[in-house]
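Chains, contacts and geometry: an overview
Spelled out from the first residue to the last, the chains are:
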Amino acid sequence: MTDQALRTEGLTKAFGGVVALDGAGVAFRHGQVNALIGPNGSGKTTFFNCVTGMIRADSGRTVYRGRDITRATPHAVAHAGIGRTFQLCRVFPRMSALDNVLAAVRPGGVLGRLRGARGRAEVDRARGWLTRLGIEHLVDVEARNMSWGQQKLLELAGVLMSDPETVLLDEPAGGVNPALLDRIGGLVRELNAEGRTFVIVEHNMDLVMSISDHIVVFDRGRPIAEGPPSVIRSDERVLGAYLGV
Amino acid sequence: MPSASDPSSTTTIRRPTVTVARAGRVVLLVVLVAAVVSFPSLAPNPYILSAGILVLNYALLSTSWNFVGGFTGYISLGHGALAGLGAYGTGLLVTRAGLPSFLALGVAALVVAALAVPIGYAALRVRGASFVIVSIALVLVLLLVFQSWASFTGGSRGLTVPRPFPDLLRPEHHRVFWFLFAGLLALALLVWWLIDRSRFGLGLKAIREDEDKAESLGIPTFAYKLVVFVVSAGFTAAAGGLYALWFGDLDPVFQFSILTGSYLVLMALLGGVRTLFGPLLGALVVGTALEYFKVEYGGTPLHLVATGLLLALVVLFMPDGVLPAVAAMLDRFRPAQQSIREVTAAELREQRESGVRAETELAATRPGTPSTRERA
């Protein structure tokens, strides 16, 4: 139990006649880099959306660190310790990089919310994350004026600012150049070593195989295989469903 | 882990421009306060003063609207109805319950703020165009109620509100209310400014930019929207109540009018919804124009045509409003953005040349080198 970060039981979601999640029961491991792979339309992003409360599952349960979060609102899921990025990277376009990151600060109580948004400690921490992700020089630039790769890094900086115990990344490698890919991969390993759990949806197999400890393979809305990269690489069902050989 | 032990170059470079901007803002504020204080003495006749009060009323309403429109991006056309509720609430509390005028105003504003909780709870569930339509529905429903419930509200004949200062002559009366409106406007601006710089305000702006994203970062978006809607409704209702005490005569058709709500939106958009003084500037322009057109072409709907044209022009050419457009223009005269570490070819050349110059100067003072120069 204790080594489980995120667990679902019989998670089901249908959009009209299309069944996106079909009784998915998955367990991701605490303190590890988990990957969720599968063909397009296999329900990976829907899974993320259900788990984070962005859409409500038709049936099933989600448990995070022993706590039932099935019916929690997205901000409550975030407060429980789960941060996420989006497949089509989402930042606040007309806000500076600094404000984008500061928006993730969790003020306590009414008085905490009325305090200035640019407190010294927070600004230092926000700059720290921007520096670590290599975009410190863009601190005053509005997000809409940044490149795709910079926006992806900014989104990640914002999520990390909220200090999540578990980070869900939806296609972190999508549309980024090989150098940036290396940086993101290295960063995930570093942050994992610092104690953060990851669940990564990704199509880039080189990245998945090189950074994951544990892989879950989805097909048609449910897991068909799981295990370490060495096992997944040679699993026949995976090869048939996903790699198409 | 992140550390910021090295103060980054951007802050040190930016500081002078920030100080200049701050000084400019202080000067502007002083001018504004001076203008407000001296206007009643400068106004040539009571009519101009009363027109000024109308503009101030619009500025107050538009600033109150901007708590919702500016921060969260939810465009409400229903704020006219909230002002109407405040006006009728004040009037009815004075005439039916016999409360003292300004106590009635305070109670009415609080009651409308409380009513804004269920209204907001229903309306803020929908976004975009749907929210606009719900806000219009609010106006229409309230208009029907206040027109039909004649035994209580006075119906279509309207409601007469007794003056709070019966002994004052008309010009004096205007003068007092000018300062009351200005005081309430100052309070609204102060609260807007405080929210703008707070963590709460940053959360609201995040909602404006991308509500789902804000929620996923842990911002309780619905509660934030509801709180700021209630604040907005309270100020709007107080403005309506003050209008009722000043004007003394309420007509449901004008109190619950979509047109009023639209004027507020136009004013805020014109000035700039993301800026503190945007709605105030917009009210100054549009409110004055409205009064002018009513005086010159009173019988015609020409003022509507003019405001429609103005709205089209603003949306087409200054989608962010006048103030941001002016700020962007001034920005061009500033030394180039230092936040992006980019240097032009000319700057590079200059750097290299000045480097070379420094080196030769250094070389000139270095012991031993004079001999080489002499030899050359």
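Residues numbered from 1 in each chain as written. Chains lettered and ligands numbered in written order. Predicted model: local features only at pLDDT ≥ 70, side-chain atom pairs only at ≥ 80, totals over all residues. Heavy atoms only, no water.

Under an unreviewed UniProt entry, chain B has the name Amino acid/amide ABC transporter membrane protein 2, HAAT family and belongs to Micromonospora avicenniae.

**Details of the layout of surface pockets**
All names here are of chain B. One number sums up the size of the second largest pocket: a volume of about 630 Å³. In terms of lining, the second largest pocket is formed by 24 residues, of which the most central are Y58, Y243, F254, T260 and K294. At the level of elements, α2 (46–72), α3 (79–95), α10 (221–247), β2 (249–250), α11 (252–255), α12 (258–271), α13 (278–296) and α14 (302–317) are the ones that each hand at least two residues to the lining of the second largest pocket. For the lining of the second largest pocket, the class distribution of residues is 12 nonpolar, eight polar and four charged. (1 Å grid on protein atoms, 1.4 Å probe; cavity = no way out; pocket = protein on both sides within 12 Å on 5 of 7 lines; lining within 4 Å. Points joined across faces, edges and corners; volume = space filled by probe spheres on them. Helix = DSSP H or I, 4+ residues; strand = E, 2+ residues; numbered from the N terminus. Nonpolar A, V, L, I, M, F, W, Y, C, P; charged D, E, K, R; others polar.)

**Topic: the packing of aromatic side chains**
Residue and element names in this part refer to chain B. Throughout the structure, instances matching the rule amount to 21 aromatic pairs over all chains. Ring geometry for Y88 against F256: centres 5.8 Å apart, planes inclined by 25°, an arrangement best described as stacked. Note that Y88 is positioned in helix α3 and F256 in the loop between α11 and α12, a separation of 168 residues in sequence. Here Y88 and F256 have matching classes, each one buried. Aromatic pair F181 and W246: ring centres 6.4 Å apart, planes at 90°, arrangement edge-to-face. Taken together, the positions of F181 in helix α7 (residues 170–197) and W246 in helix α10 put the pair 65 residues apart, joining distant regions of the chain. Considered together, F181 and W246 belong to a single accessibility category, that of buried residues. Three or more aromatic residues link up through ring pairs in this structure, and these residues are F181, Y243, W246 and F247. Between R125 and the ring centre of F222, over which it is positioned, the NZ or CZ distance is 4.6 Å. Positioned above the aromatic ring of W193, the side-chain terminus of R197 is 5.3 Å from the ring centre. (Phe/Tyr/Trp six-rings, centres within 6.5 Å; stacked < 30°, edge-to-face > 60°. Buried < 20%, exposed > 50% of the residue type's maximum accessible area, 1.4 Å probe, protein only. Lys NZ or Arg CZ within 6 Å of the ring centre and 35° of its normal.)

**Focus on the environment of R196 of chain A**
Residues and elements named next belong to chain A. Among the structural elements, R196 can be located in the loop between α7 (178–193) and β9 (197–201). Residues R196 and H30, spaced 166 residues apart in sequence, show a C-alpha to C-alpha distance of 8.4 Å. Side chain to side chain, R196 and D163 meet in a polar contact 2.8 Å long. (Polar contact = N/O pair within 3.5 Å; in protein donor to acceptor, adjacent residues only side chain to side chain.)

**Re α2 of chain B**
Residue and element names in this part refer to chain B. Look at α2: 39 Å from first C-alpha to last across 27 residues, which is about the 39 Å you get at 1.5 Å a residue. Between the side-chain oxygen of the N-cap and the backbone nitrogen of Y47 there are 3.0 Å, and the N-cap of α2 in question is N45. Of the residues trailing α2, G73 is marked for its positive phi of about 80°. (Expected span 1.5 Å × (residues − 1).)

**Topic: the side chain of T72 of chain B**
Residues and elements named next belong to chain B. Locating T72 in the fold gives a position in helix α2. Reaching out from T72, the side chain makes a polar contact with the backbone oxygen of V68 at a distance of 2.6 Å. Separated by 3.2 Å, the side chain of T72 and the backbone nitrogen of Y74 make a polar contact.

**Brief notes about the interface of chain B and chain A**
Listed as interface residues are 32 residues of chain B and, on the opposing side, 45 residues of chain A. Interface of chain B and chain A: buried area, both sides summed, is about 3,300 Å²; carbon and sulfur atoms make up 58% of it. In terms of surface lost to chain A, no three residues of chain B exceed R199, L202 and L217 of chain B, which account for 23% of the buried area on that side. Linking chain B with chain A are five salt bridges. Here D210 of chain B ties to R90 of chain A by a salt bridge, and the two come within 2.8 Å at their closest N and O atoms. (Contact = heavy atoms within 4.5 Å. Buried area = accessible area lost by both parts, 1.4 Å probe. Salt bridge = Lys/Arg side-chain N within 4 Å of Asp/Glu carboxyl O.)

**Digging into the pairing of strand β1 (residues 4–15) of chain A**
One face of the sheet, then the other: side chains in a regular strand alternate in exactly this way. Residue and element names in this part refer to chain A. Of the strand pairs in this sheet, β1 and strand β3 (residues 27–29) are connected by three bridges, and their pairing is antiparallel. Bridge assignment links R7 to a residue of β3, and that residue is A27. Note: β1 against strand β5 (residues 59–64), five bridges, orientation antiparallel. Paired with E9 across the two strands is R61, which belongs to β5. Between β1 and strand β2 (residues 18–24), which pair antiparallel in sequence order, lie two residues; one of them, G16, sits at a positive phi of approximately 65°. (Pairing = 2+ DSSP bridges.)

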